[in-house]
Amino acid sequence: MAIAETEQSSAASPLVTQLHGWVTTVDHKRIGILYILMSLFFLVVGGVEALLIRLQLWAPNNTLIGPDTFNQLFTMHGTTMIFFVVMPMLSGFANYLVPLMIGCRDVAFPRLNALGFWLALFGGCILYTSYFTGDALYGLGSAPDVGWFAYAPLTSPAYARGGSVDYWILGTLVSGVGTLTFAVNLIATILTMRAPGMKLNQVPLFVWMMLVDAGLIIVAFPPLTAAQIMLLLDRYAGAHFFDTQAGGSALLWQHLFWFFGHPEVYIMALPAFGIISEIVPVFSRKVIFGYASMAAATAAIGFISLGVWAHHMFTVGLDDRLDAFFSAASFLIAVPTGIKIFNWTATLYGGRLQLRTPMLFALGFLGMFLIGGLTGIMLATVPVDWQVSDSYFLVAHFHYVLFGGSLFALMGGCYYWFPKATGKMLSETLGAWHFWLLFIGFNLLFGPMHIAGIMGMPRRVYTYEAGQGWDFWNQLSTVGAFIMGIGFLIFFINLVLSLRSGKKAGDDPWDAWTLEWATSSPPASYNFEQIPTVRSRRPLWDLKHPEDPDWKYE
């Protein structure tokens, strides 16, 4: 029997063998790539949902999409982009890069690492299963329609009949457990498996930021998990945590959700900061300015971000003293963020800038995140927030922070590390087209939303009356959305063409200085033939320039 199974296995096609290898892998690099592939798949799904939303808002009184379908689309778009696009992509980058950057052969718990990925993917599958079985009581095809924040009491059985909300709860809960396993694994790996000689104050800034990021995940995700379980108990076990008519509190959901939700902004932003901190010095041909202050600012952002959640709740009627506290805390977090922007700018200043595609995205990130940060300061001012809360101004702000502040950096990271993962270079020409279409489309899409919001256009409306002055701004936004869509299409074409016939990259195509470039492209399964010894923050610079090594000055 065993012989027959062996013969059957050996007779399997190469494709089946490869698929089996990917499905059963515990290699941190393969799991990182799986995370990124999952993220790109859901990016397409979430992008199509966004385009449908924009088509519906093209003209007043549009009837292209009904209100119920529109509510489902913006719920699925927001949930998808937060939980199944940005989060998996940052997990993918961390999985692939952190062990290479700290000079070890794998993560601390490889099987737990694999479990984390499959839980994340399973969560996405659960969420989208709702399109087929969500409205179990009344028929097929009802996705969640309560927004990605799922405010109570909209999620109570009285307002959310059927099973679609349960799919939202279970999908995000399961993926959240996967994210927690990822964070535990990452912390253990960074603290215990660094290469000989590599002190904590010598790890690349990307690793520093992922360490703080993982700590934030461990603190911020359990309250969301608890809230989701409490909501399930409300819906199925007769509990009344969020039922105001039975002594519960709808605000309790908001407190628990935003205690997760605001740190989540930084959970998505910190890895982006880390990517920028790796790209900017290499393409400026300079050491990063203020390494220690960058690391300290990261820790400060992580700490302060846990105390600002109620600035999402200024309009719910909290005590004025609480509003003042959370407003001040929101202003305070601008200080360490400003330190980072200052340090990146100082690194660029006087550098020999190389405007390759990763650098274009890094510069785009700096501009977009700065705009998002400035409008964030406006929203931290309570009277301003009262005026524009729940308007399209808010939609514009958080897209500048999350899309401009995360996806621009993640796209830059794709171009920067694609040669390491595949051994092939992405096309610079297509990369430049991708960047400029994304940059122009992004600003055309989200810039006008500021104006529409100030003019009073509320968020989440599926249509609007003519004569309110919103038509032109919505049409600009819709044009911008399709320009961005073309940009992403070029990115996917670039991926396919470069994988098939891209220029060979070599081990270190950017002349970089961190350890991932010290091994082959793509790296062997064991990462390094010999575990490197580290003496400074730029170990490859030391190897390339023994006459002037960094360790003499650190």
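(A) Up close: the overall build of the protein. When you go through the protein residue by residue, the secondary structure sums to 17 helices and zero strands. A globule of 554 residues ought to have a C-alpha radius of gyration of about 24 Å, and the protein, at 24 Å, matches this closely. By principal-axis analysis of the C-alpha atoms, the protein measures approximately 70 × 70 × 45 Å. Taking all 554 residues of the protein together, the buried fraction comes to 56%. Across the protein, every contact between residues at least 6 apart in sequence was considered, and the portion connecting residues at least 24 apart equals 81%. Surface accessibility of the protein: about 22,500 Å² in total, with carbon and sulfur atoms responsible for 69%. With 27 positive and 32 negative side-chain charges, the protein shows a separation of 11 Å between the mean positions of the two kinds.

(B) Structural view of the packing of aromatic side chains. For the coordinates displayed, the defined rule picks out 53 aromatic pairs. Plain terms: the ring middles of tyrosine 35 and phenylalanine 117 are 5.2 Å apart, the flat faces sit at 85 degrees to each other, and that makes the pair edge-to-face. Placement of tyrosine 35 in helix 3 (residues 28-56) and of phenylalanine 117 in helix 5 (residues 110-133) is noted, with a sequence separation of 82 residues between them. By relative accessible area, which is 2% here, tyrosine 35 ends up buried. A ring pair is formed by phenylalanine 149 and tyrosine 151, whose centres lie 4.6 Å apart and whose planes are at 40 degrees; its orientation type is tilted. A relative accessible area of 6% means that phenylalanine 149 is categorised as buried.

(C) Spotlight on helix 11 (residues 334-348). In this model helix 11 runs 21 Å from its N-terminal to its C-terminal C-alpha over 15 residues, within 8% of the 21 Å that 1.5 Å per residue would give. Those residues of helix 11 that are buried lie in contact with helix 7 (205-236), helix 8 (250-284), helix 9 (291-304), helix 10 (320-332) and helix 12 (357-380).

(D) Focus on the environment of methionine 425. Along the chain, methionine 425 falls in the loop between helix 14 (392-422) and helix 15 (428-454). Along the primary structure methionine 425 and leucine 499 are separated by 74 residues, whereas in three dimensions their C-alpha atoms are 8.4 Å apart. Those residues in contact with methionine 425 that sit more than four places away from it in its chain are Arg356, Phe418, Pro419, Ser498, Gly502, Lys503, Lys504, Ala505, Pro509 and Trp510.

(E) Up close: a nonpolar patch on the surface. Taken together, the side chains of Val44, Val48, Leu52, Leu55, Leu64 and Phe482 make up a nonpolar region of the molecular surface, amounting to roughly 470 Å² of accessible area. With four residues, the single largest contributor to the nonpolar patch is helix 3. Counting through the fold element by element, phenylalanine 482 comes out in helix 16 (residues 471-501). According to the relative accessible area criterion, phenylalanine 482 is partly exposed, its value standing at 34%.

(F) Representation of the confidence of the model for the protein in the model. Chain-level statistics for the protein give a pLDDT mean of 91 and a share of 96% at 70 or above. Here residues 1-8 scores under 50 on pLDDT; set against residues more than four positions off or in separate chains, the count is zero contacts.

(G) Quick peek at helix 8. With 35 residues, helix 8 extends 50 Å from end C-alpha to end C-alpha; this agrees with the ideal 51 Å at 1.5 Å per step. At tryptophan 258, helix 8 shows its largest kink, close to 30 degrees. Most of helix 8 sits inside the fold, with 31 of its 35 residues counted as buried. Where helix 8 begins, one side-chain oxygen reaches toward the backbone nitrogen of leucine 251, 3.2 Å away; that side chain belongs to serine 249.

(H) The nonpolar core, seen in detail. Among the nonpolar cores identified, the biggest contains 165 residues, and Phe93, Trp253, Phe273, Trp344, Phe365, Phe408 and Tyr416 are the most heavily contacted of them. When neighbours within four sequence positions are excluded, phenylalanine 273 is seen to be in contact with Met209, Ile301, Lys340, Trp344, Phe365 and Phe369.

(I) Local environment of the pattern of salt bridges. Using the criterion set out here, one finds 10 salt bridges in the structure. Aspartate 511 is the salt-bridge partner of arginine 285, the closest N and O atoms lying 2.9 Å from each other. Here arginine 285 is found in the loop between helix 8 and helix 9, whereas its partner aspartate 511 is found in the loop between helix 16 and helix 17 (539-544), with 226 residues between them in sequence. Judged by its relative accessible area of 36%, aspartate 511 is partly exposed.

(J) Local environment of the packing of helix 4 (residues 67-101) against helix 7. Remark: helix 4 packs on helix 7, axes separated minimally by 11 Å, with the N-to-C direction vectors making an angle of 140 degrees. Looking at the two axes, helix 4 sits oblique to helix 7. Considering how the two elements wind past one another, helix 4 and helix 7 form a crossing that is left-handed. Contacts between helix 4 and helix 7 pair Phe83, Met87, Leu90, Phe93, Ala94, Leu97, Val98 and Met101 from the former with Phe206, Val207, Met210, Asp213, Phe221 and Leu224 from the latter. The class makeup of the residues in the contact of helix 4 with helix 7 is 13 nonpolar, no polar and one charged.

(K) Spatial organisation of the side chain of aspartate 550. Positionally, aspartate 550 belongs in the segment after helix 17. We classify aspartate 550 as buried; its relative accessible area is 11%. A distance of 2.6 Å separates polar atoms of two side chains, one belonging to aspartate 550 and the other to arginine 538. Those residues in contact with aspartate 550 that lie beyond four places of it in its chain are Ser536, Arg538, Trp541 and Asp542.

(L) Looking closely at the environment of glycine 469. Relative to the helices and strands, glycine 469 resides in the loop between helix 15 and helix 16. Among the residues examined, glycine 469 registers a relative accessible area of 37% and is labelled partly exposed. Along the chain, glycine 469 and asparagine 443 lie 26 residues apart, while their C-alpha atoms are 20 Å from each other.

(M) Inspection of the side chain of threonine 172 at higher detail. Residue position: threonine 172 is located in helix 6 (residues 164-192). On the basis of relative accessible area, threonine 172 is assigned to the buried category, the value being 1%. Polar side-chain contacts of threonine 172 include one of 2.7 Å to the backbone oxygen of tryptophan 168. Look past the residues within four positions of threonine 172 in its chain and what remains in contact with it is Thr79, Phe83 and Gln228.

(N) Inspection of the environment of valine 212 at higher detail. Of note, valine 212 is situated in helix 7. Separated by 91 residues in the primary sequence, valine 212 and phenylalanine 303 place their C-alpha atoms 9.2 Å from one another. When near neighbours in sequence (up to four residues on either side) are disregarded, valine 212 contacts Leu270, Thr298, Ala299 and Gly302.

Reading the values: rules and limits
Residues numbered from 1 in each chain as written. Predicted model: local features only at pLDDT ≥ 70, side-chain atom pairs only at ≥ 80, totals over all residues. Heavy atoms only, no water. Helix = DSSP H or I, 4+ residues; strand = E, 2+ residues; numbered from the N terminus. Rg over C-alpha atoms; globule rule 2.2 N^0.38 Å. Buried < 20%, exposed > 50% of the residue type's maximum accessible area, 1.4 Å probe, protein only. Contact = heavy atoms within 4.5 Å. Areas by Shrake-Rupley, 256 points an atom, 1.4 Å probe, with all protein chains shown as cover. Lys, Arg positive; Asp, Glu negative; His and termini not counted. Charge placed at Lys NZ, Arg CZ, Asp CG, Glu CD. Phe/Tyr/Trp six-rings, centres within 6.5 Å; stacked < 30°, edge-to-face > 60°. Expected span 1.5 Å × (residues − 1). Patch = residues over 30% accessible without salt bridge, like charges linked within 9 Å, V, L, I, M, F, W, Y side chains within 5 Å. Salt bridge = Lys/Arg side-chain N within 4 Å of Asp/Glu carboxyl O. pLDDT = per-residue confidence, 0-100. Bend = angle between axes of the 7 residues up to and from the residue. Polar contact = N/O pair within 3.5 Å; in protein donor to acceptor, adjacent residues only side chain to side chain. Core = buried A, V, L, I, M, F, W, Y, C linked by side-chain atoms within 4.5 Å. Axes fitted to C-alpha atoms, helices over the stretch in contact; angles between N-to-C directions. Parallel < 35°, antiparallel > 145°, perpendicular 65-115°, else oblique. Left-handed = near helix turned anticlockwise from the far one by under 90°. Nonpolar A, V, L, I, M, F, W, Y, C, P; charged D, E, K, R; others polar.

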